[in-house]
Amino acid sequence: TADRPTDTSKKDFDFGGRVDVLYGTNARLTTESGLETPHITGNGGLYGLAIPQFYAEAAYKKWKLKVGHIISPIGYFTVDTSQNFFNTIPYTYQWGEPFTHTGAFLTYQVSDELVLSSGAIQGWDNFAQNRNPHLGNLTTWTYTFKDKSSLAQVIVISQEPTANLNFTQRYYQSLVYTKPIDDNWTWVSQTDFGTQRQATFDNKRANWYGYNNYLYYKVNDKWTWGINGEWWRDEEGFRVAGFLPFNAPSGITGNMAGVPLGQLAGGYTGNFYQVTVGPRWYPTAKPNFFIRPNIRYDWYQGNIDSATQQFNTGTAMQSKPFDGNKSSQCLLASDVVLTF
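A brief structural summary. (Residues numbered from 1 in each chain as written. Predicted model: local features only at pLDDT ≥ 70, side-chain atom pairs only at ≥ 80, totals over all residues. Heavy atoms only, no water.)

### Quick look at the overall build of the protein
- Counting secondary structure elements, the protein contains one helix and 19 strands.
- Counting only contacts in the protein whose residues sit at least 6 apart along the sequence, the fraction spanning at least 24 positions is 59%.
- In the structure as shown, the protein presents an accessible area of about 16600 Å², 56% of it carried by carbon and sulfur atoms. (Helix = DSSP H or I, 4+ residues; strand = E, 2+ residues; numbered from the N terminus. Contact = heavy atoms within 4.5 Å. Areas by Shrake-Rupley, 256 points an atom, 1.4 Å probe, with all protein chains shown as cover.)

### Observations regarding unusual backbone geometry
- Phi is positive for Lys148, which is not a glycine, with a value near 75°.
- The residue Lys148 is located in the loop between strand S7 (136-144) and strand S8 (150-161) in this model.
- A relative accessible area of 68% means that Lys148 is categorised as exposed.
- Of note in this structure, Asn203 is not a glycine but carries a positive phi near 65°.
- By secondary structure assignment, the location of Asn203 is in the loop between strand S10 (185-196) and strand S11 (206-218). (Buried < 20%, exposed > 50% of the residue type's maximum accessible area, 1.4 Å probe, protein only.)

### Looking at the pattern of salt bridges
- Scanning the entire structure with this criterion turns up nine salt bridges.
- The partner of Asp20 in a salt bridge is Arg18, with the nearest N and O atoms 2.7 Å apart.
- With a relative accessible area of 23%, Arg18 lands in the partly exposed category.
- Residue Asp335 pairs with Arg292 through a salt bridge whose shortest N-O separation is 2.7 Å. Of this pair, Asp335 sits in the loop between strand S18 (328-333) and strand S19 (336-338) while Arg292 sits in the loop between strand S14 (289-291) and strand S15 (294-301), and the two are 43 residues apart along the sequence.
- Overlapping salt bridges, with partners in common, bring together Asp3, Arg18 and Asp20 in one network. (Salt bridge = Lys/Arg side-chain N within 4 Å of Asp/Glu carboxyl O.)

### Description of the nonpolar core
- Counting 23 residues, the largest nonpolar core has Val156, Trp208, Trp232 and Phe272 as its most contacted members.
- Listed by contribution, the elements that provide at least two residues to this core are helix H1 (91-96), S8 and S11.
- Among residues more than four places away in sequence, those in contact with Val156 are Ile74, His101, Ile121, Trp124, Asn137, Leu138, Arg170, Tyr171 and Tyr172.
- In this structure, Ile71, Phe86, Tyr93 and Val176 belong to the second largest nonpolar core, which totals 12 residues. (Core = buried A, V, L, I, M, F, W, Y, C linked by side-chain atoms within 4.5 Å.)

### A look at the side chain of Thr6
- Tracing the backbone shows Thr6 in the loop between strand S1 (2-4) and strand S2 (13-24).
- With residues near it in sequence (within four places) discarded, Thr6 still touches Asp14, Phe15, Gly16, Glu57, Ala59 and Lys64.

Function cannot be read off these values alone, since they describe shape.
Shown next, in the form of structure tokens:
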């Protein structure tokens, strides 16, 4: 990351910008149609190169204009895993939300409490106009209360591909509330909702939505514990069809979400749940070095056909979502993060 933030606290004008470059398996979460694929990453392979952000910013007093390619402000999780408390990904982030946008964004600091932003975008995860010629809108606002809690909403309205590769209007919003309960406890609540008309193969409206809660307890400067509970639903099986959102470009990998090919024709129209618990441990009490062990339990509830013992999604018979033969799973995961 190379970053020069703008600062108008001591002068009226300022200019800055930022460039992020990412190499690794997480590159598939940030590739944009017409950018990395196929111009940078090529095809095949698990590892790849992505450019999640590159933008220029001009600031004048309380106004900021950002032009370029940005990581989506939707939701609570983000592409840079070091910024997330857990090292595993919520369903809302993996299947429901856009990862990046390209466009121009104007931000206004209304007061110390309220910040507004709005801009034109080239759709979800799309860079080239010939891949998605329709302009959309991204609008955000954040309000910080006197008790240091905050409420932030992001709304995206754009024309996006359907299962039949047409373009119809998609509406998506996230609402995130962050509440410091005291010096040790912090609560975060997030809701997501998306809808797109004539999205499915039979031209039905698709709806997907989820609810996340996070609770953190800071024991001391070295230990903070967290727990995340999530419910996620894709009513028409439109979004839960692979590791990436529908029609997202991926020259890096064609792998599905751990499910054998040919078994995701209709997606999963039931309810997904997960609970994740674990600490963030700073062995040296330095903020740039930490370890994140956690345990996560996932389960799925859907209709099972009595004859085949497969889930009846309403559009197709599917195998169970975890390893093709399980309706639940338990994960033990850990990583070591050093930022510099």
